[in-house]
Amino acid sequence: IKRDNLWTLIDMDSKEVSGFMYDEVGFFSGLLAKVRKGGLYGLMNKEGGLVLDNIYENIIELGDFGFKSEIKDGHYSKFGLLNKSGKELLPCEYSHIGELKNGVIYVKKYTVGGILNASTGKLIIPCEYYLIEKFSKDIFGVKNNNGVGLYGLSGNVILECKYGDIKELSEK
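Residues numbered from 1 in each chain as written. Predicted model: local features only at pLDDT ≥ 70, side-chain atom pairs only at ≥ 80, totals over all residues. Heavy atoms only, no water.

(A) Layout of the nonpolar core. Grouped together as the largest cluster of nonpolar side chains are eleven residues: F65, F79, L81, L90, Y94, I97, I105, V107, L116, A118 and C127. Of all the secondary-structure elements, those providing two or more residues to this core are β9 (76-83), β10 (88-94) and β12 (104-109). Those residues in contact with F65 that sit more than four places away from it in its chain are L81, L82, N83, K84, L89, L100, I105, L116 and A118. Grouped together as the second largest cluster of nonpolar side chains are ten residues, I125, Y129, I132 and C161 included. (Core = buried A, V, L, I, M, F, W, Y, C linked by side-chain atoms within 4.5 Å. Buried < 20%, exposed > 50% of the residue type's maximum accessible area, 1.4 Å probe, protein only. Helix = DSSP H or I, 4+ residues; strand = E, 2+ residues; numbered from the N terminus. Contact = heavy atoms within 4.5 Å.)

As structure tokens, then:
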């Protein structure tokens, strides 16, 4: 509820659980809601406890995965990832974080990118490649200054980046 331009949460018994201190309170995504105080965002649990301090320029829900966090670095935004509990998986040091697709998320640091396993929160392909493409079901094609190569979905190098081109042969 809102009073004097500040929001609080109330429980099922209509008792305040957080006090009127927030400029904005978002909807709950699972057990957490985005809250804004002093222009910065954090995450609050249903009991009114702040599980993540208000330190982010924005927090964006990523469905079942968790949240994308944003900070400003001068004129530029840097992004990170938080799990559903608000725990930081990746610090805000990425210039781009893509959408969750088939259990992986594309991340980019300036001109090079990598692939994050969404279930573990670990980079399976390090941010060292300026081109990453899905090659087949469980294989990614990658390209750096040395050439093109292949990575498996588990993070294993299948072919080192030393080739001019790689093509998949289809079975007929």
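(B) Highlighting unusual backbone geometry. With a phi close to 50°, D4 is a non-glycine residue in the positive phi region. If you trace the backbone, D4 turns up in the loop between β1 (2-3) and β2 (6-7). The backbone of N5 shows a phi angle near 65°, a positive value even though the residue is not glycine. Taking relative accessible area as the criterion, N5 reaches 59% and is therefore assigned exposed.

(C) Layout of the sheet that holds strand β14 (residues 122-129). Reading across from one edge, β11-β12-β13-β14 is the order of the four strands in this open sheet, with antiparallel pairing throughout. What marks the edges here is a single partner per strand, and that holds for β11 (96-101) and β14. When strand polarity is set aside, the average angle formed by the axes of neighbouring strands in this sheet is 15°. Inspection of the sheet shows β12 paired to strand β13 (residues 112-117) by six bridges, in the antiparallel sense. (Pairing = 2+ DSSP bridges. Axes fitted to C-alpha atoms, helices over the stretch in contact; angles between N-to-C directions.)

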